[in-house]
Every structure is written in structure tokens, then in C-alpha cells.
Amino acid sequence: MSTDKNQTNQKTINPITEEEHYRDFVSTITNDGKRNWIYPKKPSGRLYNLRTYVSWLLLGFLFAGPFITINGNPLLLMNIFERTFVVFGVVFWPQDFYLFFLAMISFIIFIVLFTAIWGRLFCGWACPQTIFMEMLFRKIEYAIEGDANQQKRLNASPLNREKFFKKTAKHSLFIIISLAIAHTFMAYIIGKDEVLEIVMAGPAQQPVGFIATMVFTALFYGVFARFREQVCLVACPYGRFQSVLVDNDSIAVTYDFERGEGRAKVGERKKVDGVVTNIPKKADSAPMGDCIDCAQCVKVCPTGIDIRNGIQLECINCTACIDACNEVMDKIGKPRELITYTSYNAVVEKREPKVFTTRVKAYLGVFTILFSIFIYLFVTRPEVYTVILREPGMLYNELPGDRYSNFYNAKFFNKTFQDKDVTLQLHYPEGEILWLGNQTSVPGQQQVENRIMVFLSGDNLTGTQTRMEFGVYYDGRLIQRLQTNFIGPSESMRQAPVPAPQP
Ligand code: SF4
Ligand code: SF4
């Protein structure tokens, strides 16, 4: 990594000395408070290649997501406006909020558990911000403007034909990709058909949808063209929580300071048969470790830090420094993994990192309990969830023969993938149900609304409000009980029964 300002404003610190002055500086902010633009050197190596393949898979999945359907439902839909949430084709209705809440809590505990074990592994390998930034926007930048030094030169040069052409090409591609991301993002919120409708209708007929898409496009362009690593350093809540989620047993991209210190340049070391050794040229030099202080690990870092200072909040575990250092170790004939995935304690105690620490076991226990409750409630939720509410603002109707009726609104939410023919029965008191629509078949993963009329005879009324219980049946099987009230006249208001008309 190189920066606009004279390299970085952080010092290189030996972690063994426990000096932590580097924590007083932010690598992307200069001493006078301005942005220190990061020019990371183009990474290469085994892990970078692996990350590239993983990112293709994830990008393909992300862009294809809105078009993948399971039993007619999208793979993922987070429509907060219509309160419809679909996860892997399963629809969660507003009545399922408790399930959604439990799933979210379980997910948060899972993140805590995952982070306690593997630190910010997710950030480097699967976070959309990193994937878009490092695997799409940054690669376009390298392809058009060249590596870090060429980019720096281009930015410092006056505007000429080359600069104009390169900048226009780069930013045009950035805008096109931002447009694609914004449309995909919208499709995850409101659904692909609605997004298609907005696109086909044009800005005049769909001004709100058009403006929303343009705002998201501008936001994504701003993030990937300018804000960049600042998202991970200052805006991302997950990043900010790192300091409380990880401990000395968390596995993260770590510099093996026991092996690497004291660092010394190649020129300060003796060579034996052309191979760089850890023997100082000067007899009075301090003992040497494997780090040749070449700063390749710093030059490739997209957040501008020196991993040799120890695990830091800014490290997104992108592994670029591992690849860079491995390449250096190969060149000087030393074992790889001077920087590797390991834990601080494993480095100090010269052992493999421990995964199942007491803290991890505790998190795992809480997660297992919560997730088991979620699975139980999810599996046992009624197949067709029914809500019956009295029509608002309507009282009872009085009918001949001391009979009374109330209107109800019945909503049936089919949570299975099959169509269901449901029936309603009045468990108590004795009475009749009349369907005002003929639809009792509820298509899979959809809701159907129907109006019903309930008739009770005056003898069955217990006052102005009579408690009733409905049973919802499917295939002759009771799947839900529902209680509600029937409004009738008070005893004193009840008139003498009107004789039924003679035929
Ligand atoms: S220090 Fe962290 S963010 Fe920087 S290159 Fe290494 S893994 Fe990536
Ligand atoms: S790349 Fe490796 S050898 Fe070079 S400075 Fe970083 S840790 Fe030391």
C-alpha cells in the first residue's frame, strides 16, 4: 500500500514490546485530518485466486438471487413496505414476527460465535462490500489505470488525453455496475417484477421508483468510487464490534512475531550459498527473525495498516498480506506463513490455535438452544394461519325468529407450498356460518381474505358479547382454534321474537 501522503503516518511497532502507539493513528487520515487515499498494490497468490473464485460464485448468486424462485416464491425478499419477508422461498407473514425475531437473535448469536472463532473472516471472503470493492471495482481500476504506482502517477498528472480517457472509462463502468447493483438491491426489497415495471414504465410514470433507484445508484457509486475502505473502518457496525467479539484465541490474519522479529533488511543479513540467513552481518546487531522488513504486506493492504503491529480493528482479513509475504518467503527460501490464519495465543505458545475455548462453548450452547427453539416453532407453526376479526364499525343484525347475525373478516395464510381447502366450524355456541365468497381454497404460500356471516339464536347469547370459538379444519383435521366475540342485544333490549313469516 502506498498513500498520497508520505507513506503512512503510523509507526511500525514490535508487538512483543507491547507498544501500541499505532493505535493512536488511523492509517487513512493524515495528521492534519485529511483523507489519506490508499493505493493498495495489486495482490496475487493462492489465497487471492481462491477469493476470486469464491467471489464469482457469490456475485453470481447475488445477481441471480431475485430471479431464482422456489415454488413460485423468490429466494429472498425483504419487502418492508408490504411487510412480506421471504427466505429461501418460505414466506414469513407479519404473524410470524416472533419467528423472525427468534431467527434474527439466533443469527446475531451465530455471528458472535463465528467471530469469536474466526474473527473477521466473513469480511474478507463473503461481505458484499469487500467482494464488490476488491473483486469488481478495484479490478476494473487495476485494468484501466494500472497498479498502485501508476494510479498514483496518473492522479498526480495534469489533465491530458490519457487521463481523461482512463478516468471517463473507469467512472462510466463504475456507474454501470452501480446501476446494476441498485436494481438488484431494489429487486431484493420490492421484487423483480416491480423493478421491471419501474424500468419499463420510465421516470414519468414511476417517479418514486425511478428516484429510489437513482439514489441507490449514487450511493453505491459514492461508496465504491470514493468512500471505499471507510465503510469497513468507520461505518460498518460489525467492524466496530470487533474489539469486543474477538479475543486472543480468535483465529485471524496474524503476523507470527515470535518467528518474524527482530526484523532486518536483506542487506543487513549474511548470505550462505546465496541463501538469506538470520545471521547479522555486523556482530553487534540484535538477533534477527524471518521478517526482512520489505513492507510488501503493508503495500498490498486495502485498509492501509501494518499487520505486524498485531490484530487491528481495521484488518478485514482479506489475506492479501498473507499472499504477499508468502511470495517474499519463497524468494528468500524461508518457510511460508510468517503471516497466516492463527491466533495470538497460538503464536505466543507456538501451537495450533484452539477453537473450542470456554467462551466459544458458551456461545455455542446459547446458539444451539435458541436455534432449536426456532426450528421447533417453525416446524410446528399452523399450516394455515387464520385470523378472524369482526367487521369494524358494524353491530349485529336482528333477524326474524330471535336470530342475530354478525359480519366477520376471515384471513387465511397458507404457509405450506400446497393449495389447501380449509373449512370453518363453530365449536361453541351452537350457530351457523355463511360464507359470503366461495373461495375456501388457499393457494400455497399465499393469503386469501373472505367475509363470513355468523348466525346465533337469542337463546345462545350470553349478553352483549358472547364468546365464540371457531375451529379451522383441513382434510378433516383441526389445525387451529380461534376465539372471538359475537355482538348481540342486551337482555333488556331483546325484543319478543318476531314470528317467522308463514310460507
Ligand atoms: S492486514 Fe488485514 S486488511 Fe490488510 S492486507 Fe492483511 S488481511 Fe488484508
Ligand atoms: S511481507 Fe513478510 S517479510 Fe516483508 S515486511 Fe511483511 S512480514 Fe516482513
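Residues numbered from 1 in each chain as written. Chains lettered and ligands numbered in written order. Predicted model: local features only at pLDDT ≥ 70, side-chain atom pairs only at ≥ 80, totals over all residues. Heavy atoms only, no water.

Caption draft 1: Expanded view of the pattern of salt bridges. What the rule picks out here adds up to 25 salt bridges. Between arginine 228 and glutamate 141 there is a salt bridge; the shortest N-O distance is 2.7 Å. With arginine 228 in the loop between helix H8 (207–227) and helix H9 (230–235) and glutamate 141 in helix H4 (residues 128–145), this residue pair connects regions lying 87 residues apart in the sequence. Of the two residues examined, arginine 228 and glutamate 141, each falls in the buried class. Residues arginine 451 and glutamate 391 are paired through a salt bridge, measuring 3.1 Å at the closest nitrogen-oxygen approach. In this pair, arginine 451 sits in strand E18 (residues 447–457) while glutamate 391 sits in the loop between strand E12 (384–390) and strand E13 (397–399), placing the two residues 60 residues apart along the sequence. Residues participating in the shared-partner salt-bridge network are Glu141, Glu145, Lys167, Lys170 and Arg228. (Salt bridge = Lys/Arg side-chain N within 4 Å of Asp/Glu carboxyl O. Helix = DSSP H or I, 4+ residues; strand = E, 2+ residues; numbered from the N terminus. Buried < 20%, exposed > 50% of the residue type's maximum accessible area, 1.4 Å probe, protein only.)

Caption draft 2: Representation of the confidence of the model for the protein within the structure. For the protein, per-residue confidence averages 88 on the pLDDT scale, and residues scoring 70 or more make up 93% of the total. Across residues 2–18 the pLDDT falls below 50, and counting only partners more than four positions away or on other chains, this stretch makes 59 contacts in the model. (pLDDT = per-residue confidence, 0-100. Contact = heavy atoms within 4.5 Å.)

Caption draft 3: Summary view of the site of ligand 2. Residues in contact with ligand 2, as listed here, are Tyr255, Cys291, Ile292, Asp293, Cys294, Ala295, Cys297, Arg308, Cys325, Met329, Leu338 and Ile339. Taken together, the residues of the shell around ligand 2 break down into 10 nonpolar, no polar and 2 charged. (Near = heavy atom within 4 Å. Nonpolar A, V, L, I, M, F, W, Y, C, P; charged D, E, K, R; others polar.)

Caption draft 4: A look at the packing of aromatic side chains. This structure, assessed with the given rule, holds 21 aromatic pairs. Taken together, the ring pairs connect Phe92, Phe110, Phe114, Trp118, Phe367, Phe371, Phe374 and Phe378 into an aromatic cluster. The cationic tip of arginine 381 hangs over the ring face of phenylalanine 92; the distance from NZ or CZ to the ring centre is 5.6 Å. Sitting over the face of the ring of phenylalanine 407, arginine 451 holds its NZ or CZ atom 4.7 Å from the ring centroid. (Phe/Tyr/Trp six-rings, centres within 6.5 Å; stacked < 30°, edge-to-face > 60°. Lys NZ or Arg CZ within 6 Å of the ring centre and 35° of its normal.)

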